[in-house]
Amino acid sequence: MEMFDWKLTIKFNITLMNMAGLWPPGDETYKLNFYSLYAISLITLLLVCHVISQTINLFFILDDLQAITGTVFLLLAEMLIVLKACCLIKNMRILKQLMTTLDSNLFQPKSTRQRLLVESSLNFWKRMNKTFWSMGTCTVIFWGIFPILDNTFKNYRLPFFAWYPYDTKTSPLYEITYIYQVISTSFAAYVNINTDTLIAALNMYTGTQIDLLCDNLRNLHYPDEYFNKKLIICVRHHQAILIFANDSNRFFNWIIFLQFFVSAISIGITMFQITVVKLHIILQTMFFCFNGFFQVASYSNEFYSFMIYFSAAIVEIFIYCWFGNEVEIKSRKISYALFESDWTTMSPKTKTTMMFFLLRCHKPLKISAFNLFYLSLDTFVG
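Residues numbered from 1 in each chain as written. Predicted model: local features only at pLDDT ≥ 70, side-chain atom pairs only at ≥ 80, totals over all residues. Heavy atoms only, no water.

The protein is annotated in an unreviewed UniProt entry as 7tm 6 domain containing protein of Asbolus verrucosus. Looking at the protein in UniProt, the text filed under Subcellular location (unreviewed entry) is "Cell membrane". (UniProt positions renumbered as here; feature names shortened; annotations may be inferred.)

Structure representation (structure tokens):
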């Protein structure tokens, strides 16, 4: 049977990350070459400089609470994106090794039925990927054209509060700075979305491998020699899955920990910003409706931009938690899958091997951030 290409699902993301300087071609890692110089230049110019200019500007608006909160929640997210890029570069060897592991024989579907079995998980990841990309793109577009929608560009208003060592209220410096901020923000979103969806893909791959393992366990049958031989292969597959999950977790430990910390702050500040933006009442029509009245309000563009950002932040956390939760739920099914096999007629030796394997599977596989909290739907709700 033709080998199943696991990387085909995330090929688009890998291509985009390669263009952004965050995925060296082939199986290579970062070396002293032109691609590394290209990556460092992009990250420095479009991420680091953009963050520094906004950080410096904070010292000039210390007496304006709304301006500070309006800057901090975006600044924290952009700082986190810089750290995500650094984690990607630092752990590229681990990522490339994980991609190689996916191509190993143990991780390959053994039949057409198994290929169909993993399609649902792959397709769900694709749908979540498209949803996140759509929301991220809408957020960037809205922030980019915000001064145009509000006509504040006539007063030389930039999309983001930042300090530059020149007067941005003169042409063409204003236009150049405006374009730079839009490009920098787009690049930041580009890096952020690709990193988050890559982490979700690694957890998705872990879950699909557990699906394959469970299917192999269910189909263990007589004679005893066949059962025992295949069971040992399943044990090795299980060990390989645990190693894959552990290496994946080692790659994104810091990213998840900081993501949840920054997201909690950003969501809180965004909710505060939503309560203070102006509401433009354009029409008020009163009529009897359960002893009440109806009011039509037109919200400011700033309100919509905050709501889009808030929704994107929620979806971002949901993606982490959903696929982490799937790994835990599926890992709990391994023991039950083995009991569904034809084990009752096996020899005592084979049953002893089963017992040791069941004891190892008793503890479910959980994806965490330094074991401080787990990626689950309970964490998401919390």
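Read on, since the account is not over.
**Student:** Is there a simple way to think about the environment of Trp322 in this case?
**Tutor:** With respect to the secondary-structure elements, Trp322 resides in helix α8 (residues 301-331). Judged by relative accessible area, Trp322 falls into the partly exposed class, the value being 25%. Trp322 sits 209 residues away from Arg113 along the chain, and the two C-alpha atoms are 25 Å apart. Setting aside anything within four residues of it in sequence, one finds Trp322 in contact with Phe124 and Leu377. (Helix = DSSP H or I, 4+ residues; strand = E, 2+ residues; numbered from the N terminus. Buried < 20%, exposed > 50% of the residue type's maximum accessible area, 1.4 Å probe, protein only. Contact = heavy atoms within 4.5 Å.)

**Student:** Please explain the pattern of salt bridges as it appears in this structure.
**Tutor:** Pairs can form between side chains of opposite charge whenever their charged atoms are close. Enumeration according to the criterion identifies seven salt bridges in this entry. Of the charged contacts, one joins Glu316 and Lys84 as a salt bridge, the two residues approaching to 3.3 Å between their closest N and O atoms. A residue pair is termed long-range when its members are at least 10 positions apart, and Glu316 in helix α8 and Lys84 in helix α3 (residues 65-90) qualify at 232 residues. Here Glu316 falls in the buried class, since its relative accessible area comes to 8%. The exposure class of Lys84 is buried, given its relative accessible area of 1%. With a closest N to O distance of 3.1 Å, Asp247 and Arg250 form a salt bridge. (Salt bridge = Lys/Arg side-chain N within 4 Å of Asp/Glu carboxyl O.)

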